[in-house]
Amino acid sequence: MIEKELVIVGAGPAGLCAARIAAEAGCRVLLIDRSPLLGGQLIKQTHKFFGSEQQRAKTRGFRIAEALVADLKPFGDTVEIWQEATVVGAYPDSVLTVWTNGEYRKIHFQSLILAVGAGERSLAFENNDLPGVYGAGAVQTLMNVYGVLPGKEVVMIGSGNIGLIVCYQLIQAGAVVKALVEAAPKIGGYKVHASKLRRLGVPILTRTTVVRALGDSAVKGVVLSGLDENWNPIPGTESEIACDAVCVAVGLSPLYQLAWMLGAEIPYVGELGGMVPLLDENRQTTVSGVFAAGDASGVEEASSAMVGGRLAGLHAARFLGHLHPDHTAIDTECRAQLSSLRGGPFGAKIRAGLKKAEVKVHAR
Amino acid sequence: MLDKTGVPTPDQVLSRFPAEKDLLRPKAILECYEDIPCNPCSTNCPFQAIVIGEDINAQPRLIVERCTGCGLCVAVCPGLAIMTAALKNDRAVFQIPYELLPLPQTGEEWVGLDREGRPLGPARIEKVVRKADRTNVVTVSLEARHLYAFATVRCPR
């Protein structure tokens, strides 16, 4: 059994920010990530981020990842990082099991921050198992991390920010986006992203869905159908588009499994993307000493994940008896940033969801 | 319309243009029609010509008299939603953000596109500024009648 003071699972924007602030406070941190590269989803984000300068707005996502990793450099002695290490089990007696370098290792922690992110949702349609049907995350990884173009002619399903942004990145990489399809009556993501696609000639089809993919051994096209107000296909509106890739970007769901294994209360909160741990105002779950941040506690933008990670790191440190010298100032600043980021119409859903996922009582 | 198609209405577009007499010098056209949490255009303007205010979800507003048309905001906007526009004799001159390859070269003739990607007519590449962060700024001119329709350029090849 390996003894660790603070373990952070996930080295995306939330985990990296949590590690930095906890280390500043004097914690000894173990940061665990399953990927060979640090930064979580940031490493494949080639577009510039929104937000304010405090969240590094106008910087491309992969550059933010580099900056957050560089922020940990001064704490090399107290922040240990395991990469290509997957946490496969979590036990209520504060034990994690980790698969790394071909062996299982057991860790006993005093405090834990779950910054494990979210998983992509799938979409049921005929032939969705054909080669050439991708999730948006896979498309971004192939294209932006490894330099592999997943298809020459692509149909995108889903008009949230991910669908919109990945379309633009596909065009930058030299692909043709034949259409962007959205089942809802309105575009889901930021209209500035949608406008970028429209002026490059990409059709955006709302109230439309994919019925089936065509092809025997690989995607050769898709059949689309218009949807009525009850989201049912309208007979006679089917149309066919030739393509060699279909990209599914229909949303994310928080990865709640580790919190569940630890016995945390995990209600379903649709506004936050699915099952999420109940959190107190300091981001502590109903299990004492176990905190959560980032998409793992509700799907939002990376800007909110960074700030939420700082809060979790700050309070995990206090839980461990390491009060950050600027605790109150940082705490106040983070809360102000979060309410500002969530203050607009796009934050309404998050605000509603957070109310449902917040516990007023102290953790057990 | 913007909600369904990603294309702003002509009224929305017009609301972001100053009077034509003010376009003898280039001015920023802020095509941000939605309250989203973002403010680099405002915080990076050297002339305090773009106002967002305390709530970063508010839409940016241009103070026309302060705007020098420098185009810094064009390269800064994460949504690529800002261009500058000016009227010079019978030409409309724009600075637009450009993040695709190939990059246009000064003197080339490209195809001007409207907000739905439809060709408007020939667009002369006047100047190309390569930026370190890869959002390049291209100065391009078209016939003046395309002032309110122009959105971007397409490689003619």
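Residues numbered from 1 in each chain as written. Chains lettered and ligands numbered in written order. Predicted model: local features only at pLDDT ≥ 70, side-chain atom pairs only at ≥ 80, totals over all residues.

Quick word on the overall build of chain B
Definition in use: Labels follow the DSSP assignment, with helices taken as runs of H or I lasting at least four residues and strands as runs of E lasting at least two, numbered in each case from the N terminus. With C-alpha atoms as the basis for the radius of gyration, the globule rule is written as 2.2 Å multiplied by the number of residues raised to the power 0.38. To assign burial, the other C-beta atoms lying within 10 Å of each residue's own C-beta are counted, with C-beta atoms placed from the backbone; 20 or more indicates buried, 12 or fewer indicates exposed, and intermediate counts indicate partly exposed. Residue pairs are scored as contacts if the distance between their C-beta atoms, which are placed from the backbone, is within 7 Å.
Across its full length, chain B carries 4 helices and 9 strands. Starting at the N terminus, the α and β elements of chain B follow one another as α-α-β-α-β-β-α-β-β-β-β-β-β. Against the compact-globule benchmark of 15 Å for 157 residues, chain B has a radius of gyration of 15 Å, which places it among compact chains. Considered along the principal axes of its C-alpha atoms, chain B spans approximately 45 × 35 × 30 Å. When the 157 residues of chain B are sorted by exposure, 42% land in the buried category. Expressed as a percentage of contacts within chain B between residues at least 6 apart in sequence, the contacts between residues at least 24 apart total 55%.

Comments concerning the domain arrangement of chain A
Residues and elements named next belong to chain A. For clarity, the cut-off: Domain ranges listed in this record stem from an automatic or a database domain assignment. Under the convention adopted here, Pro, Cys and the residues Ala, Val, Leu, Ile, Met, Phe, Trp and Tyr are nonpolar, Asp, Glu, Lys and Arg are charged, and Gly plus all remaining residues are polar.
Splitting chain A by domain gives domain 1 (2-119 + 252-356) and domain 2 (122-248). Relative to domain 2, the C-alpha centre of domain 1 lies at a distance of 31 Å. In this complex, domain 1 contributes 4 residues to the contact, which on the side of domain 2 involves 6 residues. Class assignment of the residues belonging to the side of domain 1 that touches domain 2 gives a composition of 1 nonpolar, 2 polar and 1 charged.

Comments concerning the sheet that holds strand 12 (residues 208-214) of chain A
Residues and elements named next belong to chain A. We count it as follows: By this definition, two strands are paired if DSSP reports at least two bridges between them. Only the contacting stretch of a helix is used when fitting its axis, a line to C-alpha atoms as for every element, and angles between N-to-C directions run 0 to 180 degrees.
Pairing in this open sheet of 3 strands is antiparallel, and the strands run 12-13-14 from one edge to the other. Strands with a single pairing partner mark the edges of an open sheet, and in this sheet they are strand 12 and strand 14 (239-242). Across the sheet, the axes of successive neighbouring strands diverge by a mean angle of 30 degrees, strand direction being ignored. Bridge analysis of strand 12 against strand 13 (residues 221-226) gives 6 bridges, and the strand direction is antiparallel. Among the inter-strand pairings, Ala213 is bridged to a residue of strand 13, identified as Val222.

Remarks on the sheet that holds strand 6 (residues 109-114) of chain B
All names here are of chain B. Strand order across the open sheet formed by 7 strands is 1-4-5-8-7-6-9, with antiparallel pairing between neighbours. Of all strands in the sheet, those with a lone pairing partner are strand 1 (27-30) and strand 9 (150-154), marking the two edges. For this sheet, the mean inter-axis angle between neighbouring strands, taken without regard to orientation, is 40 degrees. Here strand 5 (residues 91-98) pairs with strand 8 (residues 136-143) via 8 bridges, running antiparallel. Looking at the pairing, Ile96 lines up with Val138 of strand 8.

Quick word on the confidence of the model for chain B
Note: predicted coordinates in regions of low pLDDT should not be interpreted at a detailed level. Let me state the cut-off plainly: A residue's pLDDT is the predictor's confidence in that residue, given on a scale from 0 to 100.
Summing up the model confidence of chain B, the mean pLDDT is 97 and the portion of residues at 70 or higher is 100%. Note on the complex model: pTM 0.96, ipTM 0.97.

Some thoughts on unusual backbone geometry
Geometrically, the link from Leu101(B) to Pro102(B) is a cis peptide bond, its omega value of -5 degrees lying close to zero. Topologically, Pro102(B) is positioned in the loop between strand 5 and strand 6. Within the chain, Arg283(A) stands out as a residue other than glycine whose phi angle is a positive 70 degrees. Its location among the elements puts Arg283(A) in the loop between strand 18 (274-275) and strand 19 (290-292). Assessed through the 25 C-beta atoms surrounding it within 10 Å, Arg283(A) is described here as buried. Here Asn89(B), not a glycine, exhibits a phi torsion of approximately 55 degrees, which is positive. Tracing the sequence through the fold places Asn89(B) in the loop between strand 4 (82-88) and strand 5. The class of Asn89(B) is exposed, set by 7 C-beta atoms lying within 10 Å.

Overview of the interface of chain A and chain B
Accessible area lost during the coming together of the parts is what is often quoted as the interface size. Across the contact, 33 residues belong to chain A and 34 residues belong to chain B. Counting only elements with at least two residues in the side of chain A that touches chain B, the list comes to helix 4 (161-172), helix 5 (191-198) and helix 8 (327-341) of chain A. In terms of residue count, the dominant contributor to the side of chain A that touches chain B is helix 5 of chain A (8 residues). Tallied by class, the residues present in the side of chain A that touches chain B amount to 14 nonpolar, 10 polar and 9 charged.

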